[in-house]
Amino acid sequence: MHTASPFDTRIAPEAWLRFASDVLRAHGVPGADADLVGDSLVQADLWGHQSHGLLRLPWYVARVRSGAMSAVTAPATLVDTGSLLLLDGRDGIGQVLAERARIEAVARAREHGIGAVGVRNSNHFGTAMYFTRRAAEDGCVSILTTNASPAMAPWGGREKRIGTNPWSIAAPYGDGVVALDIANTAVARGKIYLARQREEPIPPTWALAPDGSPTTDPAEAVHGIILPMAGHKGYAISFMMDVLSGALTGSAVGRGVHGPYEADEPSGAGHLFLAIDIESLGTAEDFRGRVQQMVDDVHHTPLAPGFDRIYYPGEIEDQNAAENVAAGGVVLPRNTWDELAALSADTGVTLPPLT
């Protein structure tokens, strides 16, 4: 008789959301904020981005416990010109601050046509598209940038000085959105952590070991240098994203930013959220029609050898989420499950049952 194992069992997203939320509440995070963070992590797993999913919950808890990240997020307004707002996140939770930035940016876009919200002294906020997709569903084209702790070397260098500094753009389309979410490295650092969790090798094009040699060992790569995407272009884009996210908002920059896996260090991360109301520039129907034309063009492009389908940005995530929900949820890597089990034992919050 087969005994259910956590390593081959799909667990409903609602069960994981309750678990993540209850763990965060047990550490003083208010209920609505805990739900938001939990939902952002579970949604990342559903999208197929397990590098930004429940894998990160123990990291966040460790930062709250150390005091590096505040359980209660209470931002302060520093500048408010109407269309432009600057918030001091005061070491609050990144997801909560990014959601506040989204709400404010959308509201200001509806009033002024465009809304811009900068956030300083924040933390890691998970997947950027979690927030830009929400703004797109509100009828805005949205852009979200953030800086991150050093992961890549400047082009021509051999020491980490520049973060992955991811960014996202999303826009309304049909009943959903088109959405881009990328880091400026060959791969997001979380993908390397995920490979370590899965005990899988990484491609030699992803990262260098600490001594500067190519590596396929994710454990080495975590402590080494992640390579930029598109060579010097990835480095330059990442540099400029730090200008927007850190320098412009008055937050930390470069080596002054600390990552979510550093339990004891305040992050100092900065974000910039831009929202543009599409109806301020024309009708929503016309806009959606032009995006539809773009989608139709890429969908009907002749296929290159080895490909059976072309996707528009964000389509794979929507497909993955639908398939995972229909299949009953997500399967987590063994090491992620083990870390969540340890968190469960430490906090007294029961893991979702295996069915």
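Residues numbered from 1 in each chain as written. Predicted model: local features only at pLDDT ≥ 70, side-chain atom pairs only at ≥ 80, totals over all residues. Heavy atoms only, no water.

The protein chain goes by LDH2 family malate/lactate/ureidoglycolate dehydrogenase in an unreviewed UniProt entry, where it is assigned to Microbacterium resistens. Per UniProt, the comment on the protein chain under Sequence similarities (unreviewed entry) is "Belongs to the LDH2/MDH2 oxidoreductase family." (UniProt positions renumbered as here; feature names shortened; annotations may be inferred.)

Asker: How do you make sense of the overall build of the protein chain when you look at a structure like this?
Answerer: If you tally the helices and strands in the protein chain, you get 11 helices and 11 strands. Here the protein chain has a C-alpha radius of gyration of 20 Å; the compact-globule value for 355 residues is 20 Å, and the two agree. On the principal axes, the C-alpha backbone points of the protein chain span a range of 60 × 50 × 45 Å. Expressed as a percentage of the 355 residues in the protein chain, the buried residues total 51%. Taking all contacts inside the protein chain whose residues are at least 6 apart in sequence as the whole, residues at least 24 apart take part in 67%. (Helix = DSSP H or I, 4+ residues; strand = E, 2+ residues; numbered from the N terminus. Rg over C-alpha atoms; globule rule 2.2 N^0.38 Å. Buried < 20%, exposed > 50% of the residue type's maximum accessible area, 1.4 Å probe, protein only. Contact = heavy atoms within 4.5 Å.)

Asker: Got a minute to help me understand the pairing of strand S4 (residues 140-146) in this structure?
Answerer: Two faces make up the sheet, and in a regular strand the side chains alternate between them. Burial runs high along S4: 5 of the 7 residues are buried. Of the strand pairs in this sheet, S4 and strand S11 (residues 269-277) are connected by 7 bridges, and their pairing is antiparallel. Paired with Cys140 across the bridge in S11 is Asp277. Pairing geometry for S4 and strand S7 (residues 167-173), over 4 bridges, is antiparallel. Residue pairing in the sheet places Ser142 in a bridge with Ala170 of S7. (Pairing = 2+ DSSP bridges.)

Asker: Would you take a moment to explain the sheet that holds S11 for this structure?
Answerer: Sheet strands pair by backbone hydrogen bonding; their relative direction is either parallel or antiparallel. Spatially, 7 strands are ordered S1-S2-S3-S11-S4-S7-S8 in an open sheet, and the strand pairing comes out mixed. Looking at the sheet topology across the chains shown, the edges are occupied by strand S1 (76-80) and strand S8 (176-182). Neighbour-to-neighbour, the strand axes of this sheet turn through a mean angle of 15°, independent of strand direction. In this fold helix H8 (residues 232-247) packs onto strand S3 (114-122), S4, S7 and S11, with an angle of close to 100° to the strand it touches most, S4. (Axes fitted to C-alpha atoms, helices over the stretch in contact; angles between N-to-C directions.)

Asker: Explain the environment of Pro13 to me, please; I cannot follow it from the model alone.
Answerer: Here Pro13 shows up in helix H1 (residues 13-25). Taking the C-alpha atoms as reference, Pro13 lies 36 Å from Ala209; in sequence the two are 196 residues apart.

Asker: Looking at this structure, I do not really get the side chain of Ser238. What am I missing?
Answerer: With respect to the helices and strands, Ser238 occurs in helix H8. In this structure Ser238 comes out as buried when scored by relative accessible area, which is 0%. With sequence-adjacent residues up to four places away left out, Ser238 is seen in contact with Met152, Ile162, Gly163, Thr164, Asn165 and Asn184.

Asker: In this structure, what is going on with the nonpolar core? I would like to understand it.
Answerer: It is characteristic of soluble globular proteins that their nonpolar side chains tend to be buried jointly. Core analysis: the largest hydrophobic core is formed by 56 residues, its most contacted members being Trp16, Phe19, Leu54, Leu57 and Leu340. If we ignore the near neighbours within four places in the chain, the residues touching Leu340 are Trp16, Phe19, Leu54, Leu57, Pro58, Leu332 and Leu351. Counting residues in each nonpolar core, the second largest holds 13 residues, with Leu55, Ala151, Leu194 and Ile202 among its members. (Core = buried A, V, L, I, M, F, W, Y, C linked by side-chain atoms within 4.5 Å.)

Asker: How should I be thinking about the packing of aromatic side chains in this particular structure?
Answerer: Applying the stated criterion to the full structure yields 9 aromatic pairs. Centroid distance Trp16 to Phe19: 5.8 Å. Interplanar angle 80°. Geometry classified as edge-to-face. With Trp16 and Phe19 both in helix H1 and 3 residues apart, this pair spans about one turn of that helix. The pair Trp16 / Phe19 is uniform in exposure class, with both members buried. Ring centres 5.6 Å apart and planes at 80° place the aromatic pair Trp16 and Trp337 in the edge-to-face group. Within this pair, whereas Trp16 is found in helix H1, its partner Trp337 is found in helix H11 (residues 334-347), the two being separated by 321 residues in sequence. Using a relative accessible area of 1% as the deciding quantity, one classes Trp16 as buried. Joined through ring pairs, the aromatic side chains of Trp16, Phe19 and Trp337 make up one cluster. (Phe/Tyr/Trp six-rings, centres within 6.5 Å; stacked < 30°, edge-to-face > 60°.)

Asker: Can you help me understand the packing of helix H2 (residues 31-47) against helix H4 (residues 94-112) in this one?
Answerer: Geometry of a packed helix pair, given as the angle between the helix axes and the separation of the axes. For the pair H2 and H4, the least separation of the axes is 9 Å and the interaxial angle reads 95°. By the criterion of interaxial angle, the relationship of H2 to H4 is roughly perpendicular. Here Asp33, Leu36, Val37, Ser40 and Leu41 of H2 lie close against H4, whose contacting residues are Gln95, Val96 and Glu99. (Parallel < 35°, antiparallel > 145°, perpendicular 65-115°, else oblique.)

Asker: Could you clarify how one ought to interpret unusual backbone geometry in this entry?
Answerer: A negative phi angle is the norm for most residues apart from glycine, just as the trans form is the norm for most peptide bonds. You will see that Asn121, though not glycine, has its phi angle at about 55°, which is positive. Position of Asn121 among the secondary structure elements: in strand S3. Take Asn121: its relative accessible area is 26%, and that puts it in the partly exposed class. With a phi angle near 60°, Glu199 is a residue other than glycine that sits in the positive phi range. Inspection of the secondary structure puts Glu199 in the loop between helix H6 (189-198) and strand S9 (207-208). Judged by relative accessible area, Glu199 falls into the exposed class, the value being 64%.

Asker: Mind showing me how you'd approach the environment of Gly174 here?
Answerer: Along the chain, the position of Gly174 falls in the loop between S7 and S8. With a relative accessible area of 41%, Gly174 lands in the partly exposed category.

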